[in-house]
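Listed below are the residues making up each chain.
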Amino acid sequence: MDEIETTLKQLSEVHGVPGYEEEVAQLVAGLMSPHGEVLRDRIGSVICRQGEAGPKVMLAAHMDEIGFMVHHVSAEGFLRFLPLGGWWDQVLLGQRVIVRARKGPVPGVIGAKPPHLLSQEERKKLVELKEMYIDVGARSREEVEALGIRPGDPVVPDSAFTVLADGRRYMGKAFDDRVGLALMVELLRRFAREPHPNTIYAVATAMEEVGCRGAKTSCELVDPDVALVLEVDLCGDVPGIKPEESAIKLGGGPSIWLLDARMIPNLRLRDLVIDTAEELGIPLQFSAYTGAATDGAHIHMHRSGVPTVVLGVPTRHIHSHAGIISREDFDRAVQLAAAVIAKLDEERVRAL
Ligand SMILES: [Zn+2]
């Protein structure tokens, strides 16, 4: 495992659902601190400042992952839970989870009725999250309480980081957006060695999956001149997705978001990214969504406006227990983002 692979594994496996981000925040602060001054905003976002002069370049990647919160324990010892972030209910049944109880982590499974007991009607029906429960192997509310579990405890997907067959593809949970965080850490490492004509503010934002909350608060602290949002992107190269829905391919290069539900990127910054990719011979993929948004939603509307663009690393099976990314895409995204940042001097930023 090289340094990047180790960082991706650490960031993928660490726990941190929206609002319960302290563990991932500690890890991120530790990864950032050798490369700049580390600050926090008051809702938990972690900010690393690197450099002293020139325009303020904000890099944003959200550190929260989608998960759940326990809200009820039944007399029989089953946990009812609410989603934190956008789950598709169908990917949940039968999955392992970890309840972060006050006495320590408690493993469990999202219960599903065995097929043997399902009627023909039931087999065709989707089960909604509100009908599901978590089973930690307890037989009563008292047994659950003895494990230290109570309403308000966060619940995290249980999924180990795995290197796939060719050694260049990775599978794991929370790639949205721990891959963006790994990109950000790698950029800080790189710019600790190379001079850059600006001050980098690398921001691990809190609570993106419940409405881009940390982007709003951290922007107040950073007050950026220009911003790059480092994200994942949806892969369209799996069965059931038409090319016109998504043409993004795993291993096809990093992507740039041309449009999403809450932001149209700054066009000059967008073109700077496209031209830079062309100069470097990096294949760049294009995506556009009306049903997705990023931290850019808040950042680009900060004060009188901040030129902002979103870069993505193509990811299969986003918002599930196991996404898949390609190492080539990651490395090219680092290369592209680094080259764009290196160009963002006073004059260039003023012209955006
Ligand atoms: Zn995301």
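Rules and cut-offs
Counting starts from 1 at the beginning of each chain's written sequence and moves along it residue by residue. Only residues with pLDDT of at least 70 get local features here, since the model is predicted, and only at 80 or more are side-chain atom pairs given and counted; chain-wide, interface and lining totals rely on the full set of residues. Where each domain begins and ends is defined by an automated method or by a domain database. Remark: residues whose backbone-derived C-beta atoms lie within 7 Å of one another are considered to be in contact. Residue classes follow a fixed rule: Ala, Val, Leu, Ile, Met, Phe, Trp, Tyr, Cys and Pro count as nonpolar, while Asp, Glu, Lys and Arg count as charged, and any other residue, Gly among them, counts as polar. Whether two strands pair comes down to DSSP finding at least two bridges between them. Going along the chain from the N terminus, every DSSP run of H or I of four or more residues is numbered as a helix, and every run of E of two or more is numbered as a strand. Each axis is a line fitted through C-alpha atoms, and for a helix only the stretch in contact is used; angles between axes span 0 to 180 degrees, taken between their N-to-C directions. Put simply, a residue is buried when 20 or more other C-beta atoms lie within 10 Å of its own C-beta and exposed when 12 or fewer do; between those, it is partly exposed, and each C-beta is set from the backbone. Definition of nonpolar core: a set of buried Ala, Val, Leu, Ile, Met, Phe, Trp, Tyr and Cys residues joined via C-beta atoms within 7 Å.

Engineer: So what exactly am I meant to see when it comes to the domain arrangement of the protein here?
Structural biologist: Interface size is commonly expressed as the accessible surface area that is lost when the partners come together. The domain boundaries assigned to the protein delineate domain 1 (3-65 + 173-350) and domain 2 (68-157). Here the C-alpha centroids of domain 1 and domain 2 sit 32 Å apart. Facing the 11 residues of domain 1 at the interface are 11 residues of domain 2. Class assignment of the residues belonging to the side of domain 1 that touches domain 2 gives a composition of four nonpolar, five polar and two charged.

Engineer: I tried to follow the sheet that holds strand 17 (residues 323-326) on my own but got confused; where do I start?
Structural biologist: Through backbone hydrogen bonds, the strands of a sheet pair up, either in parallel or in antiparallel fashion. Ordered by their spatial adjacency, three strands build an open sheet running 10-11-17, and the pairing between neighbours is antiparallel. Edge positions in the sheet fall to strand 10 (162-163) and strand 17, since each of these pairs with one other strand and no more. Across four bridges, strand 11 (residues 169-172) lies against strand 17 in antiparallel orientation. Pairing of Gly-172 across the sheet is with Gly-323, part of strand 17. Along the sheet, helix 9 (residues 327-343) makes contact with strand 11 and strand 17, crossing strand 17 at roughly 60°.

Engineer: What is the right way to read the pairing of strand 6 (residues 96-101) from this model?
Structural biologist: Two faces belong to every sheet, and in a regular strand the side chains alternate between them. Note that strand 6 and strand 7 (residues 104-110) share six bridges and pair antiparallel. The partner of Arg-100 across the bridge, within strand 7, is Pro-105. Here strand 6 hands over to strand 7 after two residues, the two strands then running antiparallel side by side. Alignment of strand 6 against strand 9 (residues 154-157), held across three bridges, turns out to be antiparallel. Across the sheet, residue Ile-98 finds its bridge partner in strand 9, namely Val-156.

Engineer: Would you explain the pairing of strand 2 (residues 46-50) in this entry?
Structural biologist: By the criterion of burial, strand 2 is predominantly enclosed, with four of the five residues buried. Taken together, the four bridges between strand 1 (residues 37-40) and strand 2 define a ladder with antiparallel strand orientation. The residue of strand 2 that forms the bridge with Arg-40 is Val-46. Following strand 1, the chain reverses through five residues before pairing antiparallel with strand 2; Gly-44 in that reversal takes a positive phi of roughly 115°. Pairing of strand 2 with strand 12 (residues 199-205), which is carried by five bridges, proceeds in the antiparallel orientation. Its bridge partner being in strand 12, Arg-49 is matched across the sheet by Tyr-201.

Engineer: What exactly am I supposed to notice about the nonpolar core here?
Structural biologist: As a rule of thumb, nonpolar side chains are buried together in soluble globular proteins. By size, the foremost hydrophobic cluster in this structure holds 71 residues, and its most contacted members are Leu-59, Ala-60, Leu-183, Met-184, Leu-230 and Ala-337. By residue number, the principal contributor to this core is helix 5 (residues 175-193), which donates 10 residues. Ignoring anything within four residues of it in the chain, the contact list for Leu-230 reads Leu-59, Ala-60, Ala-61, Gly-180, Leu-183, Met-184, Leu-311 and Ala-337. Counting 21 residues, the second-largest nonpolar core is a separate cluster that includes Val-17, Tyr-20, Val-155 and Val-156.

Engineer: Would you explain the sheet that holds strand 15 (residues 285-288) in this entry?
Structural biologist: Strand order across the open sheet formed by eight strands is 1-2-12-3-13-16-14-15, with mixed pairing between neighbours. The open sheet is flanked by strand 1 and strand 15, the only strands paired with a single partner. Here the strands of the sheet are splayed against their neighbours by 30° on average, with no regard to which way each runs. In terms of strand pairing, strand 3 (residues 56-62) meets strand 12 through seven bridges, oriented parallel. Bridge assignment links Met-58 to a residue of strand 12, and that residue is Tyr-201. Seen against the sheet, helix 6 (residues 213-222) touches strand 1, strand 2, strand 3 and strand 12 and runs at an angle of roughly 155° to strand 12.

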